[in-house]
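# Understanding the architecture of this molecule
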Protein chains: 2
Amino acid sequence: MNSGEHVRAGIVVTGTELLTGLLADRNGPWVAQQLGAHGVEVAHLLCVGDRPEDLDSALRFLADQRVDLIVTSGGLGPTADDLTAEIVARFAGVELCLDEAMEQQIAAILARFTHLSRFGPEALRAANHKQAMVPEGAATVDPAGTAPGLVVPAGSGPTVIVLPGPPRELQAMWEPALATGPARAVLERAQPYSGVLLRLFGLPESEIAETLRQVGADVDLSPLEITTCLRRFELEVDVRHRPGAEPVCKTLVSEIARRHGRYLFSSDGSSIDDQVAALLAGRRIGLAESCTGGLLAGRLTERAGSSAYVAGGIVSYSDAAKIELLDVPSGLIERHGAVSPQVARAMADGAVQHFGAEIGCGITGVAGPGGGSEAKPVGYVCVCVTTADGAVLARDPVLPGDRTDVRERSVTLAMHLIRQLLTR
Amino acid sequence: MNSGEHVRAGIVVTGTELLTGLLADRNGPWVAQQLGAHGVEVAHLLCVGDRPEDLDSALRFLADQRVDLIVTSGGLGPTADDLTAEIVARFAGVELCLDEAMEQQIAAILARFTHLSRFGPEALRAANHKQAMVPEGAATVDPAGTAPGLVVPAGSGPTVIVLPGPPRELQAMWEPALATGPARAVLERAQPYSGVLLRLFGLPESEIAETLRQVGADVDLSPLEITTCLRRFELEVDVRHRPGAEPVCKTLVSEIARRHGRYLFSSDGSSIDDQVAALLAGRRIGLAESCTGGLLAGRLTERAGSSAYVAGGIVSYSDAAKIELLDVPSGLIERHGAVSPQVARAMADGAVQHFGAEIGCGITGVAGPGGGSEAKPVGYVCVCVTTADGAVLARDPVLPGDRTDVRERSVTLAMHLIRQLLTR
């Protein structure tokens, strides 16, 4: 599909807990994204148990697939069943040697943890020694926790980057690992992708598929790698290419913008959360939530500094709370029902008033699974955004999915209505 | 480790979007958990791209590992690049044949989707035909969406269960797939695990490791498969075994209960959310949240029927909101600061009063990254639970982690304090 050299990688995540379904892997997607940004194509992602033969067979499989780079996570701890360094050394055909400088560095780190440790002094020395055993010819990466990372050139085979399992440690050690000589030697051969990430809200995926088909009939899109993906109820279109394919990328992006401009809210990588936070700067928002039960407030306060623009919120699950805490007229609820555009509007206005805010948002709906009726089925949600000076934007769709979906989609819809009201 | 026959499985999840890091796989962990419940050990979980050679090499790798069963997800759609059925047929060494009954069934389903479809009538017939092509000897599974599932016995090799990628479809088709003849033939050979899932709150993982070490010195724990895992800031200890190892499992569980009973809150599979929901039945709770910004309200209203016991919540991010909406005395904030046990208590009491609830919870803290001081560093959180009749339970720990961690840990702490106050 492109002219640059293909550098291919495999990722091996170790951990029996990933194979019992107890835990979902977080390292694989993160490493994949990082490698992609360097122009490295990830061909396989494997989760294997903690047994040495499973890791060994995974490494051999990836070597058979002729990948240039392997990244492993996990199995670097101090106990006897943490065997990654040993297995990778065997895979690379080299011996383990004691790295004395590393031994001292780990000793200093372990000393800080002694009071938490389950090891006696003797076991601690053994653990320390074990963690300082490094495959011959490997570059080391300073520990972010207690385990050092390794970058092992494997002769004519793939280079192996060995990192610990805890995501925080792996992520902190990633850049230092890439800066080592053996990793640089691989990455220098990769041609980084360029690309654009488009985000759209409210457009069915099939419409983008149709656009791609129609544009593809006139223009050769094969130099582009296009992935579409629904995430958090937004549609992401990731368009990547190697140098030289800028014009065809531009053509596609402007065609999507021309056809679906109403739905396209981001082409610079910004999220709806970034945009709403920027738009709310210098104003304050008050929230009144029923079926979403505080999730919109939770989402808006995710980011540091949000106290400057989130005045507060009221979760008014009951009619009484709507009437007493938000001054929703009880007659309005009687006439239109608690789930109605009228009550959503009154909730938004009540939030503006009670918090002395410039903008308010009210959400009321039937999240399900019970409580639906023919007129107001499960998924029927009324969202209203108002400002202190009288601007109003409201929607009352029937959202698909289960209770969790309906609640999350309602929050996303509210985020987009806030953006739309503040940008029009 | 055990006497029963080992039935081993591999899982192959297809989708290029999983290898760019755009999306994290949800099917792998789910299928792994289901297989585990049937006593099938998952040896490998692979994510591969949509290229036919990647899926093919993954299947061959798993066959080399001598697994008895392979589960694939994805690649069953109507388009030309959905090639899973074809590749699995080749892997099993059989031809694809038209299943006419399936063709009619799919036609009926597709007819309902025509208005959404990007296909013309001719393309639709082709898609229909393609999706009804079934490997010879395979059992079919009725579609939950538009794509049928397949269960393909692969001669002397592993049996392959082929399911679509959308998690909702895969999950709906799982039990019907297991009920087919070829799947039953494999599962009948597996000896289901029994086991206990223990959940503890507030105990460091190293303490459980030490207990396992000490118990293991007296009792042979090798018939047990023990996995410990931190999830949502609780510690899960999953103890599994084959028939015959009940006594050693019982010994271990009662040793853990004896040593760590204070921290052990569940040994029957129930979550803290299950327990709090059950304890709140017949009462109503009011919430007052500052640093958690509505996340506790969001969590308590996750489940259907929560409107019966969640009276409502106030997100009082500002001092003004605390004073006006929760009647926190302004002098209290001046004397002790907005983040203080005294203000958390006043917030909880305010929530009880304003919502006319039997129980209230107040949370105020420094979620960070800014706003910390020496006396009240980032992570310092005050949580207080009170009842209308004067019972109080409060904690003010310094929680580790970043802003998201601190907020989530605060919510989990609040859930446990609610449980503790209602069970004492």
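Rules of the game
- Residue positions within a chain follow its written sequence, with the count starting from 1.
- Throughout, the order in which chains and ligands are written sets their labels, letters from A for the former and numbers from 1 for the latter.
- Local features in this predicted model are restricted to residues whose pLDDT is 70 or higher, and side-chain atom pairs enter the listing and the counts only when it is 80 or higher, whereas totals over whole chains, interfaces and linings include all residues.
- Helix and strand definitions follow DSSP, with helices as H or I runs of at least four residues and strands as E runs of at least two, each counted in order from the N terminus.
- Burial is judged by counting other C-beta atoms within 10 Å of a residue's own C-beta: 20 or more means buried, 12 or fewer means exposed, and anything between counts as partly exposed, with every C-beta placed from the backbone.
- Throughout, a pair of residues is in contact if the C-beta atoms placed from their backbones lie within 7 Å.
- The fit set for superposing copies consists of C-alpha atoms from residues with pLDDT of at least 70 in both; the fit itself is least squares.
- Gly falls in the polar group here, along with every residue not listed as nonpolar (Ala, Val, Leu, Ile, Met, Phe, Trp, Tyr, Cys, Pro) or charged (Asp, Glu, Lys, Arg).
- When DSSP finds at least two bridges between two strands, those strands are taken to pair.
- By definition, a nonpolar core groups buried Ala, Val, Leu, Ile, Met, Phe, Trp, Tyr and Cys residues that are joined through C-beta atoms within 7 Å.
- Domain start and stop positions are those given by an automatic or database domain assignment.
- To get an axis, fit a line to the C-alpha atoms, keeping to the stretch in contact for a helix; angles then go from 0 to 180 degrees between the N-to-C directions.
- Put simply, angles under 35 degrees are roughly parallel, angles over 145 are roughly antiparallel, angles from 65 to 115 are roughly perpendicular, and the rest are oblique.
- Note: crossing handedness is left-handed where the near helix turns anticlockwise from the far helix by less than a right angle, and right-handed where it turns clockwise.
- Crossovers are marked right-handed if the path from the first strand over the helix to the second runs clockwise, as seen with the strands pointing away from the viewer.

So, about the overall build of chain A. Of regular secondary structure, chain A possesses 16 helices and 17 strands. When burial is assessed residue by residue, chain A has 47% of its 424 residues classed as buried. Expressed as a percentage of contacts within chain A between residues at least 6 apart in sequence, the contacts between residues at least 24 apart total 67%.

This brings us to the relation of the copies chain B and chain A. Mapping chain B onto chain A leaves a residual RMSD of 0.0 Å; the transformation is a rotation of 180 degrees accompanied by 0.0 Å of translation along its axis. Interpreted geometrically, this transformation is the action of a two-fold axis. Comparing interface residues between copies, 100% of those in chain B also sit at the interface in chain A, which points to an isologous, same-surface contact.

Facing the 63 residues of chain B at the interface are 65 residues of chain A. The element contributing the most residues to the side of chain B that touches chain A is strand β2 (residues 40-48) of chain B, with 7 residues. When grouped by side-chain class, the residues that make up the side of chain B that touches chain A number 30 nonpolar, 24 polar and 9 charged. Taken together, the 5 bridges between strand β2 (residues 40-48) of chain A and β2 of chain B define a ladder with antiparallel strand orientation. Across the sheet, the residue bridging to Val 48 of chain A is His 44 of chain B, located in β2 of chain B.

Counting residues in each nonpolar core, the largest one holds 108 residues, and the members touching the most others are Ala 9 and Val 88 of chain A together with Ala 9 and Val 88 of chain B. When neighbours within four sequence positions are excluded, Val 88 of chain A is seen to be in contact with Thr 72, Pro 135, Leu 150, Val 152, Val 160 and Val 162 of chain A. By size, the runner-up hydrophobic cluster in this structure holds 102 residues, among which are Ala 344, Val 352, Tyr 380 and Val 411 of chain B.

What follows is about the domain arrangement of chain A. The parts lose accessible area when they come together, and the size of an interface is often stated as this lost area. As assigned here, chain A comprises domain 1 (7-187), domain 2 (194-269) and domain 3 (273-423). Computed over C-alpha atoms, the centres of domain 1 of chain A and domain 2 of chain A are 36 Å apart.

The strand order β6(A)-β7(A)-β8(A)-β3(A)-β1(A)-β2(A)-β2(B)-β1(B)-β3(B)-β8(B)-β7(B)-β6(B) describes an open sheet built from 12 strands, whose pairing is mixed. Two strands close off the open sheet at either side, each with one partner strand: β6 (139-141) of chain A together with β6 (139-141) of chain B. Within this sheet the neighbouring strands show an average axis-to-axis angle of 15 degrees, counted without direction. Pairing of strand β1 (residues 7-14) of chain A with strand β3 (residues 69-73) of chain A involves 5 bridges; the strand directions are parallel. Note that in β3 of chain A the partner of Gly 10 of chain A across the bridge is Ile 70 of chain A.

Turning our attention to the environment of His 416 of chain B. Looking at where His 416 of chain B falls in the secondary structure, it is placed in helix α16 (residues 403-423). Considered as a pair, His 416 of chain B and Gly 202 of chain B are 214 residues apart in the sequence and their alpha carbons are 9.7 Å apart.

Residues and elements named next belong to chain A. Strand order in the open sheet made by the 4 strands is β10-β11-β9-β12, with antiparallel pairing throughout. Edge positions in the open sheet fall to β10 (224-231) and β12 (264-266), since each of these has one partner strand only. Taken pair by pair, the neighbouring strands of this sheet meet at an average axis angle of 30 degrees, ignoring direction. Pairing of strand β9 (residues 194-200) with β12 involves 2 bridges; the strand directions are antiparallel. If you follow Arg 199 over to β12, its bridge partner there is Ser 266.

Moving on, we come to the packing of helix α2 (residues 27-37) of chain A against helix α7 (residues 167-178) of chain A. All names here are of chain A. Contact geometry for α2 and α7: axes closest at 11 Å, N-to-C directions at 15 degrees. As the angle between them shows, α2 and α7 are arranged roughly parallel. For the element pair α2 and α7, the recorded crossing hand is right-handed. Residue-level contacts link Asn 27, Trp 30 and Gln 34 of α2 to Pro 167, Leu 170, Gln 171 and Trp 174 of α7. Among the residues forming the contact of α2 with α7, the class breakdown is 4 nonpolar, 3 polar and no charged.

The next thing to look at is the pairing of strand β14 (residues 310-315) of chain B. With 6 of 6 residues buried, β14 of chain B lies mostly within the body of the structure. Across 3 bridges, strand β14 (residues 310-315) of chain A lies against β14 of chain B in antiparallel orientation. Among the inter-strand pairings, Ile 314 of chain A is bridged to a residue of β14 of chain B, identified as Ile 314 of chain B. By the bridge criterion, 5 bridges tie strand β13 (residues 285-289) of chain B to β14 of chain B in an arrangement that is parallel. Note that in β14 of chain B the partner of Gly 286 of chain B across the bridge is Gly 312 of chain B. Running through helix α12 (residues 295-300) of chain B, the crossover from β13 of chain B to the neighbouring parallel element β14 of chain B is right-handed.

The subject of this paragraph is the packing of helix α9 (residues 205-218) of chain B against helix α10 (residues 246-260) of chain B. Residue and element names in this part refer to chain B. Running from N to C, α9 and α10 cross one another at 130 degrees; their axes reach a closest spacing of 11 Å. Of the possible angle classes, the one that applies to α9 and α10 is oblique. When the axes of α9 and α10 are compared, the crossing they make is right-handed. Between α9 and α10, the contacting residues are Glu 207, Thr 211 and Val 215 on the first element and Leu 252, Glu 255, Ile 256, Arg 259 and His 260 on the second. Taken together, the residues of the contact of α9 with α10 break down into 3 nonpolar, 2 polar and 3 charged.

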